[in-house]
Amino acid sequence: MPRSLCQITDFTTDEVQEIFSLCGKMKKGEIAPRPLEGKSAACIFTKESLRTRISFEVGISELGGNPIYVTGKEIKLGERETIADAARVLSRYVGLIMIRTFKQSDVEELARYADVPVINGLTDLVHPCQILGDYFTIMEHLGPKERYKIAYVGDGNNITNSWLNLASLIPIDFRIGTAADCIPDEQLLKRAQANPASRILLTEDPKEAVQDADVVYTDVWASMGQKHLVEEKTSKLKKYQLNSQLLGYADPKAIVLHCLPAERGREITDEVIDGPQSVVFDQAENRLHIQKAIMVFLLQYA
Ligand code: CP
Ligand code: NVA
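Residues numbered from 1 in each chain as written. Chains lettered and ligands numbered in written order. Predicted model: local features only at pLDDT ≥ 70, side-chain atom pairs only at ≥ 80, totals over all residues. Heavy atoms only, no water.

**Student:** In this structure, what is going on with a nonpolar patch on the surface? I would like to understand it.
**Tutor:** A surface patch of nonpolar side chains, amounting to about 250 Å² of accessible area, comprises Leu50, Ile54 and Val58. Structurally, Val58 can be placed in helix H2 (residues 51-62). A relative accessible area of 32% means that Val58 is categorised as partly exposed. (Patch = residues over 30% accessible without salt bridge, like charges linked within 9 Å, V, L, I, M, F, W, Y side chains within 5 Å. Areas by Shrake-Rupley, 256 points an atom, 1.4 Å probe, with all protein chains shown as cover. Salt bridge = Lys/Arg side-chain N within 4 Å of Asp/Glu carboxyl O. Helix = DSSP H or I, 4+ residues; strand = E, 2+ residues; numbered from the N terminus. Buried < 20%, exposed > 50% of the residue type's maximum accessible area, 1.4 Å probe, protein only.)

This is the structure in structure tokens:
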């Protein structure tokens, strides 16, 4: 039975730790597995991308495989044919499928009918590869800690939801500073709150979220597919801008993360993203390493 990554909670806590450990070994060059040798991998994009496309294509090549990029416009998933038929056909050609699209249910349907691993490269609901890579970046920069204090300020979106997913598996003191009508997914929020080892705070006060944090994270206020809402979101979220004044409430050794692309001057200022606490480019690099680890992990079951 193939395993897929539709969202982080498809993994157990031990499996997430195994993926971090694999990631560390592969990044240091201690191991260089090639489970995709002689195979191709389909990379389906219904939304735009820089990091996800390039890091997956490079990662697939480094694992011995041949990446095939295909746009949603071309295959019209669920329109030209059912998602189930597309999954069955793709499984006859490729050893792995990566997909970035809008609906989470489309990724889950693809995974249900595919005979090869399916990896979610972002949906409106979650962005699992991003947050697994981000946690690895935090461990690299801050060293081990029982429960990092992670503040997320801004729109409650796929990034926030993925942090909640991770907090439901491993101990995180996760504080979300956002406006009342920009909150993350309520089911994922409840699931994270059900993990007694994590602490979840949802507040409209950005200072309360950031107070003494080890990590301060933000993301765009209007995600892909919602760009028409940017002015409306900006008026609701402007007090959550990550600027030096807000960062001043965090622990002085706190690191700053942003999944990128950033809208500089909107959710984050230049002085913060270019400042000494920012590790956003290490964070972007780790997408490559974590995705290779995720692929190696999943391909064990293929
Ligand atoms: N962070 C991220 O997924 O970037 P892209 O949208 O460029 O892939
Ligand atoms: N929340 C953003 C993340 C981009 C990597 C989006 O969905 O557009």
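**Student:** What's the story with the nonpolar core in this structure? I'm lost.
**Tutor:** One broad rule of soluble globular proteins: the nonpolar side chains tend to lie buried together. Leu132, Trp163, Leu166 and Ile294 are the most contacted members of the largest nonpolar core, which has 56 residues in total. It is helix H13 (residues 280-299) that contributes the most residues to this core, 8 residues altogether. For Leu166, the contacting residues outside a window of four places in its chain are Ile8, Val16, Ile131, Leu132, Tyr135 and Ile172. (Core = buried A, V, L, I, M, F, W, Y, C linked by side-chain atoms within 4.5 Å. Contact = heavy atoms within 4.5 Å.)

**Student:** Any chance you could explain the side chain of Glu15 here in plain terms?
**Tutor:** As for its position among the elements, Glu15 is in helix H1 (residues 13-28). Classification of Glu15 by relative accessible area gives buried; the value is 13%. With residues near it in sequence (within four places) discarded, Glu15 still touches Arg3, Asp10, Phe297 and Tyr301.

**Student:** What exactly am I supposed to notice about helix H6 (residues 128-142) here?
**Tutor:** Since there are 3.6 residues in each turn of an α-helix, residues three or four apart along the chain are aligned in direction. In this model H6 runs 21 Å from its N-terminal to its C-terminal C-alpha over 15 residues, within 8% of the 21 Å that 1.5 Å per residue would give. For H6, a buried count of 11 out of 15 residues is recorded, marking the element as mostly surrounded by other parts of the structure. Directly beyond the C-terminal end of H6, a positive phi value near 75° is found at Gly143. (Expected span 1.5 Å × (residues − 1).)

**Student:** Hey, could you run me through the site of ligand 2 in this one?
**Tutor:** Around ligand 2, a shell composed of Leu122, His127, Asn157, Asn158, Asp219, Val220, Ser223, Met224 and Leu260 is seen. Between ligand 2 and the protein, one listed contact pairs a nitrogen atom with a side-chain N or O atom of Asn158 at 2.8 Å. Interatomic distance of 2.6 Å between a side-chain N/O atom of Asp219 and a nitrogen atom of ligand 2. For ligand 2, whose accessible area on its own is 270 Å², the fraction buried by protein is 96%. Residues belonging to the shell around ligand 2 are distributed by class as follows: 4 nonpolar, 4 polar and 1 charged. (Near = heavy atom within 4 Å. Polar contact = N/O pair within 3.5 Å; in protein donor to acceptor, adjacent residues only side chain to side chain. Nonpolar A, V, L, I, M, F, W, Y, C, P; charged D, E, K, R; others polar.)

**Student:** I'm lost on the pairing of strand S9 (residues 255-258) in this one. Help?
**Tutor:** Moving residue by residue along a regular strand, the side chains alternate between the two faces of the sheet. With burial as the criterion, each face of S9 is covered, one bearing Ile255 and Leu257 and the other bearing Val256 and His258. Relative to S9, strand S8 (residues 215-218) runs parallel, the two sharing 4 bridges. In the strand pairing of S9, Val215 is matched with Ile255. (Pairing = 2+ DSSP bridges.)

**Student:** I keep staring at the environment of Leu166 and nothing clicks. Help me out?
**Tutor:** Mapped onto the elements of the fold, Leu166 is located in helix H7 (residues 158-167). In sequence terms Leu166 and Tyr135 are 31 residues apart; their C-alpha atoms lie 9.0 Å from each other.

**Student:** For this particular structure, what's the right way to read the environment of Tyr152?
**Tutor:** Relative to the helices and strands, Tyr152 resides in strand S5 (residues 149-153). Setting aside chain neighbours within four positions, we find Tyr152 in contact with Asn157, Ile159, Thr160, Phe174, Arg175, Ile176, Gly177, Tyr217, Thr218 and Asp219. Side chain to side chain, Tyr152 and Asn157 meet in a polar contact 3.3 Å long.

**Student:** How do you make sense of the sheet that holds S8 when you look at a structure like this?
**Tutor:** Note on sheets: strands pair through backbone hydrogen bonds, and any given pair is parallel or antiparallel. Ordered in space as S7-S6-S5-S8-S9, the 5 strands form an open sheet in which the pairing is parallel. Only two strands of the sheet have a single partner each, and these edge strands are strand S7 (199-203) and S9. Direction aside, the axes of adjacent strands within the sheet are offset by 20° on average. Where strand S6 (residues 173-177) lies against S7, 5 bridges are found, and the strand directions are parallel. The residue of S7 that forms the bridge with Asp173 is Arg199. Against the sheet, H7 engages S5, S6, S7 and S8, with an angle of about 160° to S6. (Axes fitted to C-alpha atoms, helices over the stretch in contact; angles between N-to-C directions.)

**Student:** Help me understand unusual backbone geometry in this model?
**Tutor:** Note: most peptide bonds trans; most residues except glycine with negative phi. With an omega dihedral of 5°, the bond running from Leu260 to Pro261 counts as a cis peptide bond. Relative to the assigned elements, Pro261 resides in the loop between S9 and helix H12 (270-273). Look at Lys76: it is not a glycine, yet its phi comes out positive at around 45°. Within the secondary structure, Lys76 is located in the loop between helix H3 (72-75) and helix H4 (83-93). Taking relative accessible area as the criterion, Lys76 reaches 37% and is therefore assigned partly exposed. For Leu260, which is not glycine, the phi dihedral falls at a positive 65°. The residue Leu260 is located in the loop between S9 and H12 in this model. Take Leu260: its relative accessible area is 11%, and that puts it in the buried class.

These figures capture arrangement, not role.
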